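Next come the chains, spelled out residue by residue.
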Amino acid sequence: MKITDLTVHLVRLPARREHNWASKMTTPIGHHAIVELSTDEGITGWGEAPAGATWGGAHGKYYGETPETVAHLVTDHLRPAITGMDPLEIGVVHALMDKAVKGNPYAKAAVDIACYDAAGKALGVSASDLLGGRHRGGIEVAHSLGIMELDRCIEEAREAVAEGARTIKCKTGLDPERDVALVRMLREELGPDVRIRVDGNEGYASVAEAVAVTRRQEEFDLLLCEQPLAGAVALSRVAKRITSPVMADESAWTVHDILELDRLDAAASFSCYVTKPGGLYRARQQAEVAEQLGMICDIGGSIETGIGNAANLHLGAALRIATLPSVCPVSQPAGSGGPAIAGVYYTDDLITEPFGFADGQVLVPDGPGLGITVDRDKIEQYRTGR
Ligand SMILES: [Mg+2]
């Protein structure tokens, strides 16, 4: 089987509500690049890049991408580099992509996902099979509140828990008093059994501020404290002064970042994305190194559509250390009858069948490749550009 073409579709899914975090307070979610990979055997692979201009690493280490840069990179650089390759030869595909273009991991990740989808369909096995098999059939959902007014946060958390969510993720980092009050109010409202995690998205002004806020939040029992401020060195200084485990996200893009976090004793866990390291193949490598160093992870992302989310779920199933509750959406097309709030960020999706949600987990789709069917009518309906 040979890759014959790569096509990029830019879409904008309708959001259930605005979803903001400290480093992204204006742009809407769901404006993503979808990659369609064609082969000479008529098998199609699908991938997604939820690229964001304001998303990068600390101190200029990584750069924002956009759906438009992904379209340009895939169409004009990656497509000529890998046309004619077998998508199953994923290591070679990555070497060719890296030779053609430095960086731009979100563009490469979309192509990588499409390769796993096509290769799995050709072999009749799932993407998680190709990654080594499933350690679990579902990923524990952490319902993410986004930065909103406190009363809206409390109300939404109550609804998400009533629908089965067992973990609430709070976006924080802009207002220390608000962030402490939010955790206190959630704990009072939800009781002792719901897990609460916080994510400052590098928003706090200093190590001292991050430490002070987190210590006050810890009175109400935190599962973990994610990336309160920028940089691995700063994380290590916070980690030494708080009780709850630190998770690295913006400071954990690559294998080398994992090695740095370990060297600095900066994080007990990291947020493993399909996209930050440049695809499922690279994420697997990153997680293997982290496992050897004794770290665990969740499966993070940027509120993907059902396409990218399917890749996230297959990755989460295949990584032994992906044991933490994750912001993996419960992807569902309009009218599916699934949860209304828990794990739901869009009012529609690009896939024909909803993902299962049971016992607080979003279930990994079965079937070859990503295990999804893409609804081409929805791609047309939500198309914004090339
Ligand atoms: Mg994060």
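A. Up close: the packing of helix α8 (residues 232–239) against helix α9 (residues 255–264). α9 packs onto α8 with a crossing angle of 35 degrees between their chain directions and a minimal axis gap of 9 Å. As for the relative orientation of α8 and α9, their crossing is right-handed in sense. For the pair formed by α8 and α9, the contact residues are A232, V233, L235 and S236 on the first element and E260, L261 and L264 on the second. Each residue belonging to the contact of α8 with α9 can be placed in one class, and the counts come to 5 nonpolar, 1 polar and 1 charged.

B. Expanded view of the nonpolar core. With 123 residues, the main nonpolar core has V74, I168, L186, L261, F270 and C272 as its most contacted residues. Examining the composition of this core, we find that 9 residues originate from one element, helix α3 (residues 105–123), more than from any other. Here this core spans two domains, since at least three of its residues come from each of domain 1 (3–124) and domain 2 (129–363). When neighbours within four sequence positions are excluded, I168 is seen to be in contact with H143, L145, A157, A160, V161, L186, L190, V194, R195, I196 and R197.

C. Expanded view of the environment of A290. Positionally, A290 belongs in helix α10 (residues 280–292). In this structure the C-alpha to C-alpha distance between A290 and I258, which are 32 residues apart in sequence, comes to 6.3 Å. Once you skip the residues sitting within four places of it in the chain, A290 turns out to touch I258, F270, M295 and I321.

D. Molecular detail of the domain arrangement of the chain. Under the domain assignment used here, the chain contains domain 1 (3–124) and domain 2 (129–363). Placing the centre of domain 1 and that of domain 2 at their C-alpha centroids yields a distance of 22 Å. On the domain 2 side, the residues contacting the 43 residues of domain 1 number 51 residues. Summing both partners gives a buried area of about 3,800 Å² for domain 1 against domain 2, and 66% of it is carried by carbon and sulfur. Interface area lost by domain 1 to domain 2 is led by L13, R16 and W55, which between them contribute 18%. Our count for the domain 1 to domain 2 interface comes out at 6 salt bridges. Its salt-bridge partner being D98, residue R282 comes within 2.8 Å of it at the nearest N-O pair. For the interface between domain 1 and domain 2, the tally reads 21 residue pairs in polar contact (both at pLDDT 80 or more). Top element by residues in the side of domain 1 that touches domain 2 is α3. It accounts for 10 residues. Grouping the amino acids of the side of domain 1 that touches domain 2 by side-chain chemistry returns 23 nonpolar, 12 polar and 8 charged.

E. Main features of the coordination of the magnesium ion. Donor atoms from the polypeptide that coordinate the magnesium ion comprise D199 (OD), E226 (OE) and D249 (OD), at 2.1 to 2.3 Å from the metal. Donor residues for the magnesium ion sit on one chain with the sequence pattern D-x26-E-x22-D. One end of the pair, D199, is in strand β7 (residues 195–199); the other, D249, is in the loop between β9 (246–248) and α9, and 50 residues separate them in sequence. According to the relative accessible area criterion, D199 is buried, its value standing at 0%. Relative accessible area serves as the criterion here: at 2%, D249 is assigned to the buried category.

F. Broad picture of unusual backbone geometry. Even without a glycine there, the phi angle at N201 is positive, about 45 degrees. Position of N201 relative to the elements: it lies in the loop between β7 and α7 (207–218). Positioned with a positive phi, Q227 is a non-glycine residue whose angle comes to about 35 degrees. Within the element layout of this structure, Q227 appears in the loop between β8 (224–226) and α8. A relative accessible area of 0% means that Q227 is categorised as buried.

Thresholds, definitions, all that
- Residues numbered from 1 in each chain as written.
- Predicted model: local features only at pLDDT ≥ 70, side-chain atom pairs only at ≥ 80, totals over all residues.
- Heavy atoms only, no water.
- Axes fitted to C-alpha atoms, helices over the stretch in contact; angles between N-to-C directions.
- Helix = DSSP H or I, 4+ residues; strand = E, 2+ residues; numbered from the N terminus.
- Left-handed = near helix turned anticlockwise from the far one by under 90°.
- Contact = heavy atoms within 4.5 Å.
- Nonpolar A, V, L, I, M, F, W, Y, C, P; charged D, E, K, R; others polar.
- Core = buried A, V, L, I, M, F, W, Y, C linked by side-chain atoms within 4.5 Å.
- Buried < 20%, exposed > 50% of the residue type's maximum accessible area, 1.4 Å probe, protein only.
- Domains from an automatic or database assignment.
- Buried area = accessible area lost by both parts, 1.4 Å probe.
- Salt bridge = Lys/Arg side-chain N within 4 Å of Asp/Glu carboxyl O.
- Polar contact = N/O pair within 3.5 Å; in protein donor to acceptor, adjacent residues only side chain to side chain.
- Donors = N, O, S within 2.8 Å, 3.2 Å for Na, K, Ca; no water.

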